[in-house]
Amino acid sequence: MTTVNGSMATDRPERYAKQLVSHWSERGPVSTEEGVTVQRWNTGQVLVLRPVDGSLEVEVTVPEGDDAARFAQVVKAHLERFGQREELNVVWHL
């Protein structure tokens, strides 16, 4: 498994976490554990969204052989589109 971590500064991290997993609801089951939203895609990818004060921490994991950078870019594009009015930006920590 390959994991990429990032963050997105926002005053409404819970809103964007909920909106993203709702948008991708058909991709796989979602669970919430101690304020952390986890979505396990049927194709093996895992998306972890952790709202913290002033930021949404994002973790994407893909199975070996999959392109983690590509999946991370898809997540980034969706979150930034949802927060377009606020000019949100996901920054990956490589």
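Residues numbered from 1 in each chain as written. Predicted model: local features only at pLDDT ≥ 70, side-chain atom pairs only at ≥ 80, totals over all residues. Heavy atoms only, no water.

Peer 1: Give a detailed account of the overall build of the protein, specifying residues and quantitative values.
Peer 2: Within the protein one finds 2 helices and 6 strands. Overall, the protein shows an N-to-C arrangement of helices and strands of β-α-β-β-β-β-α-β. Overall, the protein is about 35 × 25 × 20 Å in size when its C-alpha atoms are taken along their principal axes. A buried classification covers 44% of the 94 residues belonging to the protein. Here the analysis covers contacts within the protein between residues at least 6 apart in sequence; of these, 53% occur between residues at least 24 apart. Of the roughly 5500 Å² of accessible surface on the protein, a fraction of 46% belongs to carbon and sulfur atoms. (Helix = DSSP H or I, 4+ residues; strand = E, 2+ residues; numbered from the N terminus. Buried < 20%, exposed > 50% of the residue type's maximum accessible area, 1.4 Å probe, protein only. Contact = heavy atoms within 4.5 Å. Areas by Shrake-Rupley, 256 points an atom, 1.4 Å probe, with all protein chains shown as cover.)

Peer 1: Talk me through the pattern of salt bridges; I want residue IDs and the actual numbers.
Peer 2: Counted under the stated rule, the structure contains 4 salt bridges. Its salt-bridge partner being Arg12, residue Glu86 comes within 2.3 Å of it at the nearest N-O pair. With Glu86 in the loop between helix 2 (68–82) and strand 6 (90–93) and Arg12 in the loop between strand 1 (2–9) and helix 1 (13–23), the pair connects residues that are 74 residues apart, well separated along the chain. A salt bridge links Glu80 to Lys76; the nearest nitrogen and oxygen atoms lie 2.7 Å apart. Of this pair, Glu80 and Lys76 both sit in helix 2, separated by 4 residues, roughly a single helical turn. Residue Lys76 is classed as buried on the basis of its relative accessible area, which comes to 15%. (Salt bridge = Lys/Arg side-chain N within 4 Å of Asp/Glu carboxyl O.)

Peer 1: With reference to specific residues and values, describe the environment of His23.
Peer 2: With respect to the secondary-structure elements, His23 resides in helix 1. Residues His23 and Pro63, spaced 40 residues apart in sequence, show a C-alpha to C-alpha distance of 22 Å.

Peer 1: An account of the packing of aromatic side chains is needed here, citing residue identities and associated values.
Peer 2: Throughout the structure, instances matching the rule amount to 2 aromatic pairs. With a centroid separation of 5.0 Å and an interplanar angle of 75°, the aromatic rings of Trp24 and Trp41 are classed as edge-to-face. Highlighted residues: Trp24 in the loop between helix 1 and strand 2 (30–33) and Trp41 in the loop between strand 3 (36–40) and strand 4 (46–52), separated in sequence by 17 residues. For Trp41, a relative accessible area of 11% corresponds to the buried category. Aromatic side chains Trp41 and Phe71 sit 4.9 Å apart centroid to centroid with 80° between the ring planes, which places their arrangement in the edge-to-face category. Of the two residues, Trp41 sits in the loop between strand 3 and strand 4 while Phe71 sits in helix 2, which places them 30 residues apart along the sequence. Residue classification places Phe71 among the buried residues on the basis of a relative accessible area of 6%. (Phe/Tyr/Trp six-rings, centres within 6.5 Å; stacked < 30°, edge-to-face > 60°.)

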